[in-house]
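# Structural overview
Each chain is listed here by its residues.
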Amino acid sequence: MRISYKYLGRYKEIAGVLIKYGFGFIVDRLNKDSMTAKVVGHGPSIKSKSMTTAQRLKCALEELGPTYIKIGQILSTRKDIFDDEIIGELSKLRDNVEMFDNDVAMAILDEELGFPRDQVFSYISQDPIAAASIGQVYEAKLLDGRKVVIKIQRPGIESTIKADISILKNIASSLNSIKKDFNLDVEELIKEMEIQLLRELDYKFESVNGVKLGKIFKNSSEVFIPEIFSDYTSKKILVMEKIEGVCLSELDQHYLDDQEKKRIVDISVRSFFRQAMTCGFFHADPHPGNMYILDDGRLAYIDFGMIGLIDDKTLGYLNQLIIASTNKNIDKIIRVLTDMDAMSVDINTEGLRRDLLYLIHYYYDIPFDRLRITDILDEVFRFMRNHKIKLPSQLIILGKTVITLEGTSRGLYNDFSVESIANSYLKYYREEKVDIKRNLLRLKSNVDEYYYEWITVPGQIKTILSILEKNNMKLELGELKSPSLDNSIKKFTTQMSMSIMLAACIVGSSLILASSNIQNSIMIKYVSIIGFMISFVIGITLVFLIFRNNYHNKK
């Protein structure tokens, strides 16, 4: 391992903190592999000796700064790695973060606005109301009286995070040597953290996410998304409407009966599946600190830095996997994983089938009231690691979000059941299946894809021939040339062309029929009917040709 001299000071700082809190064995391993510098410490501090392992880990991450606080936040959802004591301490990293100087914050605000802040705000709180690993938040009022909050990024945070990421990349191989101790793939975690942290360093990215979520729940009677003031938002500041309500993390201080708690949980579950399955865009960090209950009973979301995306194709794979698992169809699961290109070429198929069968049968007959999504997904993640299965990152983020959502729901309502999640999934799955507009668009997309693949075949053949020519390779086709081969190619191209025409006619006619203008013109209606008639004729002809070819092939 080689540490860049550019970040040598930060590396020594990290090593010093680890030694201070009793994690010197990690530094020893890094020193053993290091080709540049050895760090010598004085051992754990007197204060840390009286702490538990969980407290020392939490304090070390907190002292190391934003990059490591974010790592702690990720680990706080991993109950398959740490016990409840460590999880409890890591969860405190969400709120207990040291605040930076107010004068510095106001200077950043003025610089980012480009003009004095009193031209926008009539009031700004003297002290921040919250501090996070990337920035801190102030209450304020616009000149028109509207209440807002201002999120201001920490000074120098970008250079610190980039330095930490660079260091972690360099020492990843050494840190992976402790994988057996913590069951943690450090390299994958670093890649994930790099992408997420670089996005969170730009508040404009968060503002776009907030605006998009606002459009999803624009007319909702159950969910509220605060307004984002994009005109006053930049890379380092974010101005957002202030939420007037009770944070879910503070609900234990307010009396709520079980019926009200269940209502809140049901709204959070329904809103999540609406985001994920209908819009393919979802809030990926639904922990209690990011959710509020308004006076009118609506659920409000804040902090849009962590967002998940899932496209229709990946969602289709997920639906197939869930249905195949429900039906105990092991072969179907393996086919879907193969289609997703998720399995390595050297995978032990028999071992995979055996473990899949065990996994499905273990959870299949457990009643809903005893099931925990967290346990199931943790087992699925372990199964993936054991068999080197790599699912799309979209599904990994989706899985982690479901784990966080379940933890939030159970923390609020003790009798929370997986049945609520299952029912919401089935509801949106059925709606997605019968949504005519989405199905027509999906069919159109498939036709476009098939058409593109078809027209690119000649170019691909030309490329192959060009490669063969450049490498002076000769391909003797004399023996292959025959009337039967020519006829087969002609039949194939004819059927393919007719299939594309059939699909195009069906899609075109369906889109015309679904048009709002069809009521205004009888000619448009006739055109769509003629399109369906042509599709019928082409379809009958295509079926006839296929049966005739099969009949001749059997002779």
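Values in this document were obtained by computation on a predicted structure and should not be read as measured data.

Rules and cut-offs
Residues numbered from 1 in each chain as written. Predicted model: local features only at pLDDT ≥ 70, side-chain atom pairs only at ≥ 80, totals over all residues. Heavy atoms only, no water. Helix = DSSP H or I, 4+ residues; strand = E, 2+ residues; numbered from the N terminus. Buried < 20%, exposed > 50% of the residue type's maximum accessible area, 1.4 Å probe, protein only. Contact = heavy atoms within 4.5 Å. Areas by Shrake-Rupley, 256 points an atom, 1.4 Å probe, with all protein chains shown as cover. Pairing = 2+ DSSP bridges. Axes fitted to C-alpha atoms, helices over the stretch in contact; angles between N-to-C directions. Phe/Tyr/Trp six-rings, centres within 6.5 Å; stacked < 30°, edge-to-face > 60°.

For the rest of this paragraph, the subject is the overall build of the protein chain. A count of helical and extended segments in the protein chain gives 21 helices and 11 strands. The buried share of the protein chain, taken over its 555 residues, is 44%. Long-range contacts, defined here as pairs at least 24 residues apart, represent 68% of the contacts in the protein chain between residues at least 6 apart. Entry remark: accessible area of the protein chain is about 31400 Å², with carbon and sulfur atoms responsible for 55%.

A word on the pairing of strand β9 (residues 291-294). Burial along β9 is two-sided: Met291 and Ile293 and Tyr292 and Leu294, pointing in opposite directions, are all buried. Alignment of β9 against strand β10 (residues 299-301), held across three bridges, turns out to be antiparallel. Bridge pairing in β10 places Ile293 opposite Leu299. Here β9 folds back onto β10, and the loop between the two strands holds four residues, one of which, Gly297, carries a positive phi near 95 degrees.

Here the focus is the sheet that holds β9. An order of β5-β10-β9-β7 is seen for the four strands of this open sheet, with the pairing classed as mixed. Each edge of the sheet is formed by a strand with only one pairing partner; in this case those strands are β5 (223-224) and β7 (245-247). For β5 and β10, the ladder comprises two bridges, and the chain directions are parallel. Following the sheet pairing, Phe224 is matched in β10 by Ala300. Against the sheet, helix α12 (residues 258-279) engages β5, β9 and β10, with an angle of about 50 degrees to β10.

Another aspect to go through is the packing of aromatic side chains. Per the counting criterion, the structure on display carries two aromatic pairs. Look at Phe272 and Phe273: their rings are 5.1 Å apart centre to centre, the planes differ by 75 degrees, and that puts the pair in the edge-to-face class. Relative accessible area serves as the criterion here: at 7%, Phe273 is assigned to the buried category. On the basis of an interplanar angle of 80 degrees and a centroid distance of 5.8 Å, the ring pair of Phe272 and Phe282 is categorised as edge-to-face. Here the residue Phe272 occupies a position in helix α12, and Phe282 occupies one in strand β8 (residues 281-283), the gap between them amounting to 10 residues. Assessed through its relative accessible area of 0%, Phe282 is described here as buried. One aromatic cluster in this structure is built from Phe272, Phe273 and Phe282.

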